Amino acid sequence: MAKLTIDGVEVEVPDGTTILNAARQIGGDLVPPAMCYYSTLKDTGGKCRVCLVKVAAGSAKDPRPMPKLVASCRTPVADGMVVQNLTSPEVLEARKGVVEFLLLNHPLDCPICDQAGECDLQNLAYEHGAAKTRYEEDRRTFEKIDIGDKIKLHMTRCILCYRCTFVGDQLTDKRVHGVLGRGDKSEISTFIQQNVDNDFSGNMIDVCPVGALTDKTFRFKSRVWFTKPLDAHRNCTKCSGKVVLWTKGDDVLRVSARKDQFGEVKDYICNECRFEHKNMSDWTVEGPRHIDRHSVIAQNHYEKIDLQKLKKEVERQLEFQKGKALPQPDNALNS
Amino acid sequence: MLTNRSKVVVKKEMNFWERIYLPAIFGGVAVTIKHMFRRKTTVRFPEAKREISSVWRGQHVLKRDEKGAERCTACGLCAVACPAEAITMTAAERKKGEEGLYREEKYASVYEINMLRCIFCGLCEEACPKEAIFLTDRIVPTDFQRNDFVYGKDKLVEKVNERIDVSVRQTPAVTEFKKHKSLSHNR
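What you see is a predicted model, and the numbers here were worked out from it, not measured in a lab.

**Digging into the overall build of chain A**
On a plain count of helices and strands, chain A comes out with eight helices and 14 strands. Expected size for 335 residues packed as a compact globule is a radius of gyration near 20 Å; at 21 Å, chain A falls within 12% of this value. C-alpha extents for chain A along the principal axes are approximately 60 × 50 × 40 Å. Out of the 335 residues belonging to chain A, those deemed buried represent 37%.

**Overview of the interface of chain B and chain A**
Each partner contributes residues to the interface: chain B has 13 residues there, and chain A has ten residues. The greatest single-element share of the side of chain B that touches chain A, amounting to three residues, is contributed by strand S2 (residues 87–93) of chain B. For the side of chain B that touches chain A, the residue count by class is five nonpolar, three polar and five charged.

**Some words on the environment of Thr133(A)**
Note on placement: Thr133(A) falls in the loop between helix H3 (120–128) and strand S6 (145–147). As a C-alpha pair, Thr133(A) and Glu100(A) span 33 residues in sequence and 7.8 Å in three-dimensional space.

**Re helix H2 (residues 89–102) of chain A**
Residues and elements named next belong to chain A. Between its first and last C-alpha atoms H2 spans 20 Å; for 14 residues at 1.5 Å apiece the expected length is 20 Å, and the two agree. Buried within H2 we find Val91, Arg95, Val98, Val99 and Leu102. With its buried residues spanning 100° around the axis, H2 presents them on a single face. Along H2, the residues that are exposed and aim more than 90 degrees away from the buried face are Pro89, Glu90 and Glu93. The elements touched by buried residues of H2 are strand S3 (52–57), strand S5 (81–84) and H3.

**Side note on unusual backbone geometry**
All names here are of chain B. The backbone phi angle of Ala74 is positive, close to 55°, even though this residue is not glycine. Structurally, Ala74 is set in the loop between strand S1 (60–62) and helix H3 (77–81). For Glu85, which is not glycine, the phi dihedral falls at a positive 50°. A count of 12 C-beta atoms within 10 Å places Glu85 in the exposed class.

**Examining the pairing of S3(A)**
All names here are of chain A. Of all six residues making up S3, six are buried, and the element is well covered by its neighbours. Taken together, the two bridges between S3 and strand S4 (residues 70–71) define a ladder with antiparallel strand orientation. In the sheet register, Val53 faces S4, and the bridge partner there is Val70. Two strands pair when backbone bridges link them, and S3 and S5 are joined in this way by three bridges, in the antiparallel orientation. Following the sheet pairing, Ala57 is matched in S5 by Val82.

**Side note on the domain arrangement of chain A**
All names here are of chain A. Under the domain assignment used here, chain A contains domain 1 (2–100) and domain 2 (221–299). Here the C-alpha centre of domain 2 lies 32 Å away from the C-alpha centre of domain 1. Counting from both sides, the interface comprises four residues of domain 1 and, opposite them, four residues of domain 2.

**Describing the environment of Arg274(A)**
Residue and element names in this part refer to chain A. Along the polypeptide, Arg274 turns up in helix H6 (residues 271–276). Considering only alpha carbons, one finds Arg274 and Val244, 30 residues apart in sequence, at a separation of 9.6 Å. With residues up to four places along the chain from it excluded, the contact list for Arg274 reads Gly202, Val255 and Ile269.

**What about the sheet that holds strand S2 (residues 9–13) of chain A?**
All names here are of chain A. Strands sit in the order S2-S1-S5-S3-S4 across an open sheet of five strands; the sheet is mixed. The two strands at the open ends of the sheet, each matched to only one other strand, are S2 and S4. The sheet contact formed by strand S1 (residues 2–6) and S5 spans three bridges and is parallel. Bridge pairing in S5 places Leu4 opposite Met81. Sheet strands in contact with helix H1 (residues 19–26) are S1, S2, S3 and S5, and its direction is about 115° off that of S2. Strands in contact with H2 are S3 and S5; relative to S3, the strand with the most contacts, it is inclined by about 160°.

**A closer look at helix H4 (residues 163–170) of chain A**
Three or more residues of H4(A) are buried, namely Arg163(A), Cys164(A), Phe166(A), Val167(A) and Gly168(A). Where H4(A) is buried, its residues meet strand S8 (177–180), strand S9 (187–190), helix H5 (203–207) and strand S10 (213–215) of chain A.

**With respect to the sheet that holds S6(A)**
All names here are of chain A. What the three strands build is an open sheet, ordered S6-S7-S10; its pairing is antiparallel. Looking at the sheet topology across the chains shown, the edges are occupied by S6 and S10. Sheet twist, expressed as the mean angle between neighbouring strand axes with direction ignored, is 35°. As judged from the three bridges shared by S6 and strand S7 (residues 151–153), these two strands associate in the antiparallel manner.

**Quick word on the pairing of S2(A)**
Relative to S2(A), S1(A) is paired through five bridges, and the arrangement is antiparallel. Opposite Ile6(A), over in S2(A), you have Val9(A) as the bridge partner.

**A short note on the confidence of the model for chain B**
All names here are of chain B. Looking at chain B, pLDDT values average 90 and 99% of them are 70 or higher. Mean pLDDT across the elements of chain B bottoms out in helix H6 (residues 172–178) (82) and peaks in strand S5 (residues 150–151) (96). Scored as a whole, the predicted complex attains pTM 0.81, and scored at its interfaces, ipTM 0.78.

**Here's the deal with the nonpolar core**
All names here are of chain A. Met35, Val50 and Cys51 are the most contacted members of the largest nonpolar core, which totals 57 residues. It is S3 that provides the largest number of residues to this core, a total of five residues. Setting aside chain neighbours within four positions, we find Cys51 in contact with Leu20, Pro32, Pro33, Ala34, Tyr37, Ala71, Ser72 and Cys73.

**Overview of the packing of H2(A) against H3(A)**
All names here are of chain A. At a closest axis distance of 10 Å, the pairing of H2 and H3 adopts a crossing angle of 135°. By the angle class used here, H2 and H3 are oblique. Once H2 is placed against H3, the crossing between them reads as left-handed. Contacts between H2 and H3 involve Arg95, Lys96, Val99 and Leu102 from the first element and Leu121, Leu124, Ala125 and His128 from the second. Split by residue class, the contact of H2 with H3 holds five nonpolar, one polar and two charged.

What counts and what doesn't
Residues numbered from 1 in each chain as written. Chains lettered and ligands numbered in written order. Predicted model: local features only at pLDDT ≥ 70, side-chain atom pairs only at ≥ 80, totals over all residues. Helix = DSSP H or I, 4+ residues; strand = E, 2+ residues; numbered from the N terminus. Rg over C-alpha atoms; globule rule 2.2 N^0.38 Å. Buried ≥ 20, exposed ≤ 12 C-beta atoms within 10 Å, placed from the backbone. Contact = placed C-beta atoms within 7 Å. Nonpolar A, V, L, I, M, F, W, Y, C, P; charged D, E, K, R; others polar. Expected span 1.5 Å × (residues − 1). Arc of directions from axis to C-beta. Pairing = 2+ DSSP bridges. Domains from an automatic or database assignment. Axes fitted to C-alpha atoms, helices over the stretch in contact; angles between N-to-C directions. pLDDT = per-residue confidence, 0-100. Core = buried A, V, L, I, M, F, W, Y, C linked by C-beta atoms within 7 Å. Parallel < 35°, antiparallel > 145°, perpendicular 65-115°, else oblique. Left-handed = near helix turned anticlockwise from the far one by under 90°.

In structure tokens, the structure reads:
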């Protein structure tokens, strides 16, 4: 077990845990954002650089700070480590730069994009990015590609997080798409437009942090914030069958897997559940899905409040705020 | 008592002049006659029109761009900003060959504003990222049927040959921004 401090909050985690996961155990605002790391996909992380944090003290044995900002999704913790995320202006500055880089070639066509409203990049740019672009050159453009008849690939929106290729590798038995080209020219593509028709290939829609991979059956049907998300399940032989139905009236517009508080899917669902069952009668509805009130999807969204849960959440927040007010780590460690 | 203007009701006997009511009636008539010679507060509407501010918020218009393509891309921001929930829309995908009709890949196949719900606050105009919806100086006419107040695209989208000028409604900052033709938004 290693004991470390993140933004003044102490946490004890097993050895080998990454800083990001340690921060997630604390929860709240101090969790670094992550665009490429995905807890349920192996070997993801280390590509997008938005989760950079400052390590003010390496460990109890060697309390020197790490020379550069480190990617928290790839750096294991050490006993006595002191990590700064929100409390370090250097980190916030670096993150702002990273967001600017991610947006360099992003078309910012949010008014058209189906992902708008639940897009990680949109949230990230809103919280950490600059309001204006300094980029004057033409952005790279690609043709839209149909990956199979159910998935649409907008390569222009892609930030090359590689999550979808890991889905191809780890969830399906035969990957038929990947990243071609290098550097600025790299793109997600299939082998000569080959269909991706594996049973679990639809999950690449859910893991995509931007609107590069979108559900064709939901294409332009409705903005997410006009739909009503419901938790539902059905007996499925291939997957857990636990899904979210995005409904409008009695119509099921879209079916997606359930994402946790960090926007990650724990139970992947099969393509049959995702694409074939668009009838309310196919599903057992459990109730309205909890949507964070800061999300635009929470507009006109009503759900039953669990008072016990609310009390716990308030207490957790208070604890977190108290931690934030703790005195800054000793400056002697930084010099 | 908060305003200090309340009066305590006194039920005292009226005297002779008060009992015949005539002075009170003439007093009332005098007020009426005085008002007859005052400047009229109303105008005879369809013939005469009252002067309105340049930022008056009247009937909406859905703008087209210079080439005549509809600017609206059905992003739904106006509808989510609308405090009266007066706006509804359905999106559709632009087909090949319709580039001259619709500016973006997605467009609103149905766009409806319920003018009975609308409170003309202008938040839709403010939310619009595509400069598609503007409130104009036109007054929404009266009608007999409630259904006729639900304005569809036929009434909202401006005609290609009779454009509605909204340049007076734009702030100097926007006008300045629009001069930069290199920005993708202005192309």
